[in-house]
Protein chains: 4
Amino acid sequence: MNQSESLADQTPEEAAQLEQLYADFAQNNLSPLWTQTNDLMTITPASPAVPHVWKWKELYELARRSGDLVPVGRGGERRAIGLANPGLGGAAFATPTLWCAIQYLGGFETAPEHRHSQNAFRFVVEGEGVWTVVNGDPVAMRRGDFLLTPGWNFHGHHNDTDQPMAWIDGLDIPFVSYADYGFFEFGSERVTDESSPSVSRSERLWAYPGLRPLSGLQARTSSPIAAYRWEYTDRALREQLLLEDEGQPATVEQGHAAVRYTNPTTGGDVMPTMRAEFHRLRAGASTRQRQEVGSSVWQVFDGSGVVVLNGVEKKLERGDLFVVPSWVPWSIHAETEFDLFRFSDAPIAEKLGFDRTFIQEEVR
Amino acid sequence: MNQSESLADQTPEEAAQLEQLYADFAQNNLSPLWTQTNDLMTITPASPAVPHVWKWKELYELARRSGDLVPVGRGGERRAIGLANPGLGGAAFATPTLWCAIQYLGGFETAPEHRHSQNAFRFVVEGEGVWTVVNGDPVAMRRGDFLLTPGWNFHGHHNDTDQPMAWIDGLDIPFVSYADYGFFEFGSERVTDESSPSVSRSERLWAYPGLRPLSGLQARTSSPIAAYRWEYTDRALREQLLLEDEGQPATVEQGHAAVRYTNPTTGGDVMPTMRAEFHRLRAGASTRQRQEVGSSVWQVFDGSGVVVLNGVEKKLERGDLFVVPSWVPWSIHAETEFDLFRFSDAPIAEKLGFDRTFIQEEVR
Amino acid sequence: MNQSESLADQTPEEAAQLEQLYADFAQNNLSPLWTQTNDLMTITPASPAVPHVWKWKELYELARRSGDLVPVGRGGERRAIGLANPGLGGAAFATPTLWCAIQYLGGFETAPEHRHSQNAFRFVVEGEGVWTVVNGDPVAMRRGDFLLTPGWNFHGHHNDTDQPMAWIDGLDIPFVSYADYGFFEFGSERVTDESSPSVSRSERLWAYPGLRPLSGLQARTSSPIAAYRWEYTDRALREQLLLEDEGQPATVEQGHAAVRYTNPTTGGDVMPTMRAEFHRLRAGASTRQRQEVGSSVWQVFDGSGVVVLNGVEKKLERGDLFVVPSWVPWSIHAETEFDLFRFSDAPIAEKLGFDRTFIQEEVR
Amino acid sequence: MNQSESLADQTPEEAAQLEQLYADFAQNNLSPLWTQTNDLMTITPASPAVPHVWKWKELYELARRSGDLVPVGRGGERRAIGLANPGLGGAAFATPTLWCAIQYLGGFETAPEHRHSQNAFRFVVEGEGVWTVVNGDPVAMRRGDFLLTPGWNFHGHHNDTDQPMAWIDGLDIPFVSYADYGFFEFGSERVTDESSPSVSRSERLWAYPGLRPLSGLQARTSSPIAAYRWEYTDRALREQLLLEDEGQPATVEQGHAAVRYTNPTTGGDVMPTMRAEFHRLRAGASTRQRQEVGSSVWQVFDGSGVVVLNGVEKKLERGDLFVVPSWVPWSIHAETEFDLFRFSDAPIAEKLGFDRTFIQEEVR
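Residues numbered from 1 in each chain as written. Chains lettered and ligands numbered in written order. Predicted model: local features only at pLDDT ≥ 70, side-chain atom pairs only at ≥ 80, totals over all residues. Heavy atoms only, no water.

J.: How would you explain the overall build of chain A if you had to name every residue and give the values?
T.: Looking only at helices and strands, one finds eight helices and 24 strands in chain A. Along the first, second and third principal axes, the C-alpha set of chain A runs to 80 × 55 × 45 Å. Taking all 364 residues of chain A together, the buried fraction comes to 64%. Within chain A, contacts between residues at least 6 apart in sequence are counted, and of these 75% link residues at least 24 apart. Summed over its atoms, the accessible surface of chain A is roughly 12,500 Å², and 48% of this surface lies on carbon and sulfur atoms. (Helix = DSSP H or I, 4+ residues; strand = E, 2+ residues; numbered from the N terminus. Buried < 20%, exposed > 50% of the residue type's maximum accessible area, 1.4 Å probe, protein only. Contact = heavy atoms within 4.5 Å. Areas by Shrake-Rupley, 256 points an atom, 1.4 Å probe, with all protein chains shown as cover.)

And the structure:
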């Protein structure tokens, strides 16, 4: 006799006793496992988050309207509008662990400096003219660049032009909030260095293939490279496809080139909680269907195609964003050459031993 | 002018536009950062979980009543009653990441086998007679023992006597549920080995100081020692205090001995998400006040004393449990010799670079 | 035409020019590769060291005579007689990297304190009564014990009885000498603590299965356990054979139990350069033939049997020592239950990526 | 009474007994420690290797003469002439662990393919026109480039021009020979890919700042970057000095820029046994005096200056090589802007816990 059958057989007196027991549990701040096993311990991951696509055009238009109506400054700190996963009750959480927002800075505006435990990055799908200043080092933001602000680094942004600029921010805000890890400190109202160099000091010291300054041999939990420039990402992807053409092993699967942004001091992920990658599919190519533990957010950088999430196909164009909750099957199909930026919480699952991936044998 | 002042100055028309903007955000599954910065990004960790003490006597009595009313078996799986932190809305979460329950097994009862991604352990404050069977290896449970069931190991329990037994379970259920990492698989209805040896095969192979079988040299994410016996824990603590008496460095601080349970294949924590320790204070001794990132659960094993949580003093006796949310100041004061078991989510914060500790200079 | 043929074809004039070239090389402290490739870069490792067996009876008798004739004290430092591999030109090198000596201490004698970069251990095949004092901690030496003195720890020995005692020392002296890594410092003439406790402070703090003092959480390059006692080694081996009897995986191969001594803070080897293991074969059991990169030294602890080295069989009895140079095939065959201690330089090859092992499929 | 005094006091009979004892030691392949402690265990490292400078002009002229007289081909394998440290008895060992040779390849010559356990690199001080083919990947060699051939990769060289080319090879031949780690296998007589691309496939896949191909996420003991190009090394050094000019921390010490070549998959050294670095001193700058455990070889790449080794000053010009044995004090002084390549065995000492460095406080 299993447990539910047994409970079904109970007499009215037993039912009353049970009701009293449950009331006493609640009274004593206790809660039984046996009534919630199915919800708490699922057969496979069953995220409350849902797959969803946000269209860049709509996102940008709302950001632009915010630019007119909402000042940027101390208190609100940033004019950032977060993706709110429809399954997560309205909170600005793209997935249970990840924050993704469009940030908008008008001409000559400044977002004041602060620092926090949360790790952050920016990815630029279009525009330029803003410098993000990380620990006093001004870092130019341009289309295709991936820019880091690891936890507890002071940072602010300033627009050095008369034109607005928008980009996406990725942070581990939901995770840090959930786990109660957050510290925050206000900094300067203005950025501490308002110059606008084309290359940051961080890059001048660190952004070389395989070279490390002797003045920087100590261990780093996050990458010291403040900006991963489009020039290199693009070239790396192009070369992978050319090598594939030459019959060399280089791509992830046929027609699918990809790079991971890494911390040159470890070879591992750029920051302890977030993984970032860039994927390029040849026109007509498809990825195999994958299921992965942990969640991710993708943004189309260029081209057009389709993502299939849980069997549902969605059309994608430049700037569009979509989220893949844990264990949701996904595959991508390129109509044109198709470039996508991706970030995920994979380092958390990997460091804690929960990572699993299932890859379907055949491309559909 | 900061952001909130600026918003205060708005005209009715601006207010209407802003209202429309927020409605459009909601419509498009977006949420602005600037209205929620303070909640999401706190100056120091501000957990919704609260410090709380559960009295063992009450807990045990409720468990005993469950033993009469609720069968144990397939479906509910375990007669386990979880601590529900008063700040976490009634869910059986001791802290945002940790589950802690009293589990109760009547004479000759069996809890069926299953396995799950969630890591689990048992700690025994009183009683004996139950064997937990981990991957087919029967492990005796006795007062003072700390017993492991790392993720994805089949396990069940059976009571080999006519007397009930109760113990506490610790798991990372809330964390795995939150992060969507959970897999679950049902196993045998009965435990797969019903024998009742005094020492498990795991201990016979692994539980020696500094010795490792040549047949077990591969890497392990969790400790292969299924049971950490009281005999060794007690002796280690006693020797630390004796060494302190002899003027040798051995204790954490004056009168405060402590050991960490570790994975002998790495020297690190027993499981990837949970740390477990045992602390002994001499009668009259006090710990310095500490604040730590991450949360923990304590159980009094023996003796009596007091815990001060956020400045509020609580009396503690054998079996009593209390939780310390992230960054809540705590200190412990021993009336008699005072033995406490502790587990926490510290490995998560450490592996992800969020760990911080603040220790007050002086004992109060 | 290959190089040697080509050189064979040369005219007298060319030969003279070549001779002049070689003379000019020598004059300029240069040396050509092409004349020495075969010696320097062998097809498989071809050690100058040779397999060899030393008989304990002879070794002990010579040590005893030294006890009468040679004082122990400052300058010579130790009454230790090193195994001199017949292939290594008379130096006291058991293998190119490893030192192994019999050390002999008469009744009430003291070997003065010193410290050095070289890592050292003692293994006791018979006798007792000596305490080795490591950084002020007196460690009793008894049959079957394995005792550590990692690099740069002060240490001396004193005999607390009127009977002599002998044991073997293992060190990385040849390696440290070769690589020019050695530092040495004289310490106290007498041992700094002349007490004779049965258990050392190091063991009282560290020698528990899977427990680590909270006062000792920092990283350690060498094991903090000063003594690995025979009681545990013996029990671990006995249990492996019993588990094998019960049909459980526990032994290295049929009838062959083995443990590795490890650093509880890492799960790795006890010291950075040396690996130590203990092997037990059932009467009649045989190991498969192995070839390993790197060298090792074995000592028979109990029982009798045979070792086959490069196809040559040698009879072994209690206390006998033998060396296995790099890549020399070896196998062991037990006549009685057969206990052997082993140490090697395997950590060097492993950390530097040179490790390879070839195991013959079938037992002969 | 210490040991030597005691031996001095012996009677003729005792002396005879002692002589007999020593003879019996030798007869039994034994050797006492007490007669050799001082040599084997020195107070500080006392290498038989000596500091020495080789002049590039002389080296090159001898290599050129070899080009006329000695064919390159199977058997001798390479036209490489090794630095023979004057303290190491004529063997082609630059230091006890390191090999450094000038290799010379005439117009259109080929050095046949082979592979070996030994790790190798090339550094090019002048010339171009040779491709080294590593596992089938042709890698162009040009002035300033640092090129890798980690252990067990097939490799050969071919000169695609009618002009000779010379460069230096660095290997761990002496170490591998000493420790008996060497395996060797002959490959193709001709290089397996005779094309002459300006960029290797390895670089196209791997040589980007902070980017890693998703097809190459597995662990690597050695760097997958076959060529570290001068363009990046030069730029990194130039930027360090510019950053210093701007008041930013970037250099090792005033006027002294330096980079380490690293494995992008770990952030560590390019190969398990050898470290490689490039140093640039401003005209007039000096390094502080350093003593390091382990040995190194330096080559002047450009400019002129002075090295002080054990207090003896030596003038240096382009291409000159010098060796620094373990613990020998060294400092460098630049007359012009002064560029130097350096390689060492530092990873061995570091991985085995023997590393120590002493840096004099003040520049002379």
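J.: Could you give me a rundown of the interface of chain B and chain A, with the residues and numbers involved?
T.: In this assembly, 91 residues from chain B lie in contact with 91 residues from chain A. In this assembly, chain B packs against chain A so that about 7,800 Å² is buried in total across both faces, 66% of it on carbon and sulfur atoms. Where chain B touches chain A, the interface holds two salt bridges. With a shortest N-O distance of 2.7 Å, B:Arg65 and A:Asp24 are connected by a salt bridge. (Buried area = accessible area lost by both parts, 1.4 Å probe. Salt bridge = Lys/Arg side-chain N within 4 Å of Asp/Glu carboxyl O.)

J.: For the relation of the copies chain B and chain A, give the residues involved together with the corresponding values.
T.: Overlaying chain B on chain A yields an RMSD of 0.0 Å, the required transformation being a rotation through 180° with an accompanying axial translation of 0.0 Å. Taken together, the rotation and translation describe the operation of a two-fold axis. Among all residues of chain B, the one whose C-alpha sits closest to the rotation axis is B:Lys351, at a distance of 3.4 Å. A high fraction, 99%, of the interface residues of chain B reappear at the interface in chain A, so the copies pair face to face through one surface. (Least-squares fit on C-alpha atoms with pLDDT ≥ 70 in both.)

J.: Give a detailed account of the confidence of the model for chain A, specifying residues and quantitative values.
T.: Looking at chain A as a whole, its pLDDT mean stands at 95, while 97% of the residues score no less than 70. Scored as a whole, the predicted complex attains pTM 0.96, and scored at its interfaces, ipTM 0.96. (pLDDT = per-residue confidence, 0-100.)

J.: Kindly report on the pairing of strand S22 (residues 330-334) of chain D, identifying the contributing residues and their values.
T.: Burial analysis of S22(D) places five of its five residues in the buried class, the great majority of the element. With burial as the criterion, each face of S22(D) is covered, one bearing D:Trp330, D:Ile332 and D:Ala334 and the other bearing D:Ser331 and D:His333.

J.: Which residues make up the packing of helix H4 (residues 56-69) of chain C against helix H2 (residues 12-27) of chain D, and what values go with them?
T.: At a closest axis distance of 11 Å, the pairing of H4(C) and H2(D) adopts a crossing angle of 155°. Our classification of the angle between H4(C) and H2(D) gives roughly antiparallel. In this structure, H4(C) meets H2(D) at a crossing whose hand is left-handed. Two secondary-structure elements touch here, H4(C) through C:Leu62, C:Arg65, C:Ser66 and C:Leu69 and H2(D) through D:Glu14, D:Gln17, D:Leu18, D:Gln20, D:Leu21, D:Asp24 and D:Phe25. (Axes fitted to C-alpha atoms, helices over the stretch in contact; angles between N-to-C directions. Parallel < 35°, antiparallel > 145°, perpendicular 65-115°, else oblique. Left-handed = near helix turned anticlockwise from the far one by under 90°.)

J.: Any chance you could break down the sheet that holds strand S7 (residues 128-134) of chain B for me, citing the residues and the numbers?
T.: All names here are of chain B. Pairing is antiparallel in the open sheet, where five strands are placed in the order S8-S7-S10-S5-S12. Whereas interior strands pair on both sides, the edge strands pair on one side only; in this sheet they are strand S8 (137-142) and strand S12 (184-186). Ignoring strand direction, the axes of neighbouring strands in this sheet form an average angle of 25°. Judged from the five bridges that link them, S7 and S8 form a sheet pairing that is antiparallel. When the sheet's bridge partners are listed, Val134 is paired in S8 with Asp137. (Pairing = 2+ DSSP bridges.)

J.: Let's hear about the side chain of C:Ser47: which residues, and what values?
T.: Along the polypeptide, C:Ser47 turns up in the loop between helix H3 (37-40) and strand S2 (52-54). Overall, the relative accessible area of 18% leaves C:Ser47 in the buried class. Reaching out from C:Ser47, the side chain makes a polar contact with the side chain of D:Asp180 at a distance of 2.5 Å. Once you skip the residues sitting within four places of it in the chain, C:Ser47 turns out to touch C:Pro96, C:Pro325 and D:Asp180. (Polar contact = N/O pair within 3.5 Å; in protein donor to acceptor, adjacent residues only side chain to side chain.)

J.: Lay out the side chain of B:Thr273 with the relevant residues and their values.
T.: Residue placement: B:Thr273 occurs in the loop between strand S15 (256-261) and strand S16 (275-281). Relative accessible area serves as the criterion here: at 1%, B:Thr273 is assigned to the buried category. A polar side-chain atom of B:Thr273 sits 3.3 Å from a polar atom in the side chain of B:Asn119. Dropping the residues within four chain positions of it, B:Thr273 is found in contact with A:Leu352, A:Phe354, B:Asn119, B:Asp172, B:Phe175, B:Ser344, B:Asp345, B:Pro347 and B:Ile348.

J.: Account for the interface of chain C and chain B, naming residues and giving values.
T.: In many reports, interface size means the accessible area that the parts give up when they come together. Each side of the interface is counted separately: chain C has 40 residues, and chain B has 40 residues. Note on chain C versus chain B: buried area summed over both sides is about 3,500 Å², and carbon and sulfur give 62% of it. On the chain C side of the interface with chain B, the three residues burying the most area are C:Arg204, C:Pro209 and C:Leu214, jointly 20% of the side's total. Linking chain C to chain B there are four salt bridges. Note that C:Glu246 and B:Arg204 form a salt bridge whose closest N and O atoms lie 2.9 Å from each other. Where chain C meets chain B, there are 16 residue pairs in polar contact (both at pLDDT 80 or more). Of all the secondary-structure elements, those providing two or more residues to the side of chain C that touches chain B are helix H6 (201-206), strand S13 (211-213), helix H7 (230-245), strand S15 (256-261) and strand S16 (275-281) of chain C. For the side of chain C that touches chain B, the leading source of residues is H7(C), giving eight residues. Split into classes, the residues belonging to the side of chain C that touches chain B amount to 21 nonpolar, eleven polar and eight charged. Bridging between S15(B) and S13(C) involves three bridges; their strand directions are antiparallel. (Nonpolar A, V, L, I, M, F, W, Y, C, P; charged D, E, K, R; others polar.)

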